[in-house]
Amino acid sequence: HSIELNASTADTDTGPHLQANWTWAPSAVEDEQVDWLSRLWFEALAGICAHVRRGGGGLTPSDIAPAQLSQQQIDELGRRYRIADVLPLTPLQQGLLFHANTAHELGDDVYAVQLDISLRGPLDEHRLSDAVSTVISRPPNLAARFCAEFDEPVQIVPAHPVVGWRYIELDTADGIDVEERVEQLSAAERAGVCDLAAQQALRVALIRTAADSHRLVLTN
């Protein structure tokens, strides 16, 4: 090459130190030209660092490979979500997304899985909610959103995953049919996971049915 750059970062007592070594062919370029180019290079790096310190940054197409999105598409998603990663869908996920979109129009999804757990005894709903959030933050893909508006559908892994959580207290003094009301709430939770673009694919509902009696409904 007429000009070659090798750069490395070394950890020092005062912090990381960037060392750049320039090699060039004197027959092709002059020393002053390389000196000018190196100054521009460091000025550009300093500008990037200042931009990031002010809160700038974001993903580029090389950050999310093998998902095939342009910078414009990434920026568009970034205006709607706080993104940690963008991933392509597996063939199974593509099939589930197709059925979920169809079910969203019809109001039910045969692939929506629901687990209804009866709990007895004292329960702190705030601690349970915190525990669910902690679990979701470990594999954040559980809180992924799905986007099918581009040529190939993608899943968006949020920077701060949040589970779809609901806490409902049923007032049995009103004479309501508890089982019927729980089934209505469960049906609403199943409908919620069908809208994979606007809602999370995992939802949790805690329903207080009586004193020291709850139903924990997990839907995905």
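The following refers to the structure shown. Quick caveat, the model's predicted, so the values are computed rather than measured.

1. So, the overall build of the protein
Working step 1: Within the protein one finds 5 helices and 9 strands.
Working step 2: In sequence order, the protein lays out its α and β elements as β-β-α-α-β-α-β-α-β-β-β-α-β-β.
Working step 3: For 220 residues, the compact-globule formula gives about 17 Å, and the C-alpha radius of gyration of the protein, at 26 Å, lies well above that figure.
Working step 4: On the principal axes, the C-alpha backbone points of the protein span a range of 90 × 45 × 25 Å.
Working step 5: When burial is assessed residue by residue, the protein has 28% of its 220 residues classed as buried.
Working step 6: Contacts in the protein between residues far apart in sequence, at least 24 positions, make up 57% of those at least 6 positions apart.
Working step 7: As presented, the protein carries roughly 14100 Å² of accessible surface, and 53% of it is formed by carbon and sulfur atoms.
Working step 8: Charged side chains in the protein number 16 positive and 32 negative. The centres of these two groups are separated by 7 Å.

2. Comments concerning helix H1 (residues 31-53)
Working step 1: Helix length check: H1, at 23 residues, gives a terminal C-alpha distance of 33 Å against a target of 33 Å (1.5 Å per residue), a fit within 8%.
Working step 2: Looking at the residues trailing H1, positive phi occurs at glycine 55, about 100°.

Criteria and thresholds
- Residues numbered from 1 in each chain as written.
- Predicted model: local features only at pLDDT ≥ 70, side-chain atom pairs only at ≥ 80, totals over all residues.
- Heavy atoms only, no water.
- Helix = DSSP H or I, 4+ residues; strand = E, 2+ residues; numbered from the N terminus.
- Rg over C-alpha atoms; globule rule 2.2 N^0.38 Å.
- Buried < 20%, exposed > 50% of the residue type's maximum accessible area, 1.4 Å probe, protein only.
- Contact = heavy atoms within 4.5 Å.
- Areas by Shrake-Rupley, 256 points an atom, 1.4 Å probe, with all protein chains shown as cover.
- Lys, Arg positive; Asp, Glu negative; His and termini not counted.
- Charge placed at Lys NZ, Arg CZ, Asp CG, Glu CD.
- Expected span 1.5 Å × (residues − 1).

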